[in-house]
Amino acid sequence: MKKLICILTAVLLLISLCGCGMIYIDDSKEQKAYRDAVNSFFKALDEKNEEAIYQLFSPYIRENDKDIESQIEKLMSVYSGPTDEIGWDGLLSGSGSYEYGKKIKNARATFPVRSGDTYFWCYLKLTYENTFDETQIGITQVDFYTDDEYCILSYDEEAKIYDTYGLEIYAEKTISEDIRCIDGRPHKYNSDTKELNINDVKKFFQTKNIFSEFEVTFGKPNAEHIYAYYVLPQEKGKPRYLELGIDGDEIYAARIVDDFAYIDTIFTQEE
């Protein structure tokens, strides 16, 4: 299995998307190159064009990743599409090297993708400039996860995404819990607590911010991982959640998020 240096990129603020899932953001050269690579990758995937996916990888990867063609076939069987939304927000982890007037520039990110009611996660690394060796320009790594696989990874404190090369599909492991994509991350979800009325929540925060009292009033969270989450009514067909930041038994922040991104803050603890 391929994997060498750990990089886990948390991304999720604001996104602009068209109906077919393509990303449009005014941005830098690095972001444009990355956006174009992501759009091209999912366009080829939606079109079931294995050759187009193959050609998006750098010549170096195509020559050295011996199982890339079988992994492309596996990807086609795992992801049937169509791509409805891509949750990359424009944030990237980048790296570069410069020597004797030559340079290498890379960009990478992990982001969710929605197809119908199903979510996947994709780690994609791109070399968009390399004046040492142009055969290394192109996509150099894609790790593609089902929601079960990425949820297992996210909840394992010792698990990592490693920086390596080629294409790897993770689609074997499953878990019994329901999984929801909340603020760009997978969460084990329970439906025991019903949708909260946001006006009732705002009224609560007018006088108190104690989490144990919040639970007495509204019930147990629908999901807990770093933050506590409660389901809210959908808005314009998009799921919404209340995200609570908790320190001890004090709620220090309450925010509204959707499946991919932050929407609004309704409470912050005074200093």
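Preceding this paragraph is the structure being described.
A quick note: this is a predicted structure, and the numbers were derived from the prediction, not measured.

About the thresholds
Residues numbered from 1 in each chain as written. Predicted model: local features only at pLDDT ≥ 70, side-chain atom pairs only at ≥ 80, totals over all residues. Heavy atoms only, no water. Helix = DSSP H or I, 4+ residues; strand = E, 2+ residues; numbered from the N terminus. Buried < 20%, exposed > 50% of the residue type's maximum accessible area, 1.4 Å probe, protein only. Core = buried A, V, L, I, M, F, W, Y, C linked by side-chain atoms within 4.5 Å. Phe/Tyr/Trp six-rings, centres within 6.5 Å; stacked < 30°, edge-to-face > 60°. Pairing = 2+ DSSP bridges. Axes fitted to C-alpha atoms, helices over the stretch in contact; angles between N-to-C directions. Contact = heavy atoms within 4.5 Å.

Engineer: How do you make sense of unusual backbone geometry when you look at a structure like this?
Structural biologist: When glycine is set aside, most residues are seen to have a negative phi, and most peptide bonds are trans. With an omega dihedral of -5°, the bond running from G81 to P82 counts as a cis peptide bond. Here P82 is to be found in the loop between helix 4 (68–78) and strand 2 (85–86). At K48, a residue that is not glycine, the phi angle is positive and equals roughly 55°. Considering the arrangement of structural elements, one finds K48 in the loop between helix 1 (29–46) and helix 2 (50–56). Of the residues examined, K48 reaches a relative accessible area of 41% and is grouped as partly exposed.

Engineer: What am I meant to see in the nonpolar core here?
Structural biologist: Nonpolar side chains in soluble globular proteins generally cluster together in the buried interior. Counting residues in hydrophobic clusters, the biggest one holds 32 residues, and the most contacted among them are Y34, F42, I53, F111, L124, V142 and F144. Here the element with the most residues in this core is helix 1; it accounts for seven residues. Counting 18 residues, the second-largest nonpolar core is a separate cluster that includes Y230, L232, L242 and F267.

Engineer: Help me out: how do you make sense of the packing of aromatic side chains in this one?
Structural biologist: Across all of its chains, the model carries 20 aromatic pairs by this definition. Residues Y79 and F144 carry aromatic rings whose centres are separated by 5.6 Å and whose planes lie at 85° to one another, so their mutual orientation is edge-to-face. Of this pair, Y79 sits in the loop between helix 4 and strand 2 while F144 sits in strand 6 (residues 138–146), and the two are 65 residues apart along the sequence. Judged by its relative accessible area of 0%, F144 falls in the buried class. Between F205 and F267 the ring centres are 4.5 Å apart and the planes differ by 10°, which places this aromatic pair in the stacked class. Here F267 lies in strand 15 (residues 262–268) and F205 lies in helix 6 (residues 198–205), a separation of 62 residues in the sequence. Classification of F205 as buried rests on a relative accessible area of 9%. Overall, the relative accessible area of 13% leaves F267 in the buried class.

Engineer: I'm lost on the sheet that holds strand 11 (residues 223–225) in this one. Help?
Structural biologist: The strand order 11-12-13-14-15 describes an open sheet built from five strands, whose pairing is antiparallel. In the strand order of this sheet, the two ends are held by strand 11 and strand 15, each with one partner. Across the sheet, the mean angle from the axis of one strand to that of its neighbour is 25°, orientation sign disregarded. In the sheet, strand 13 (residues 238–247) pairs with strand 14 (residues 250–258) via eight bridges, with the strands oriented antiparallel. What sits directly across from R240, in strand 14, is D258. Contacts from helix 6 reach strand 12 (227–235), strand 13, strand 14 and strand 15, with the element oriented near 35° to strand 15.

Engineer: Would you mind showing me how to read the pairing of strand 5 (residues 118–130) here?
Structural biologist: Each regular strand shows side chains that alternate between the opposite faces of the sheet. Among the 13 residues in strand 5, 12 count as buried, and that is most of the element. Note: strand 4 (residues 102–115) against strand 5, 12 bridges, orientation antiparallel. Looking at strand 5, one finds that R108 is bridged to K125. Where strand 5 meets strand 6, eight bridges bridge the pair, whose relative direction is antiparallel. Opposite T127, over in strand 6, you have G138 as the bridge partner.

These values are about where atoms sit, not about what they do.
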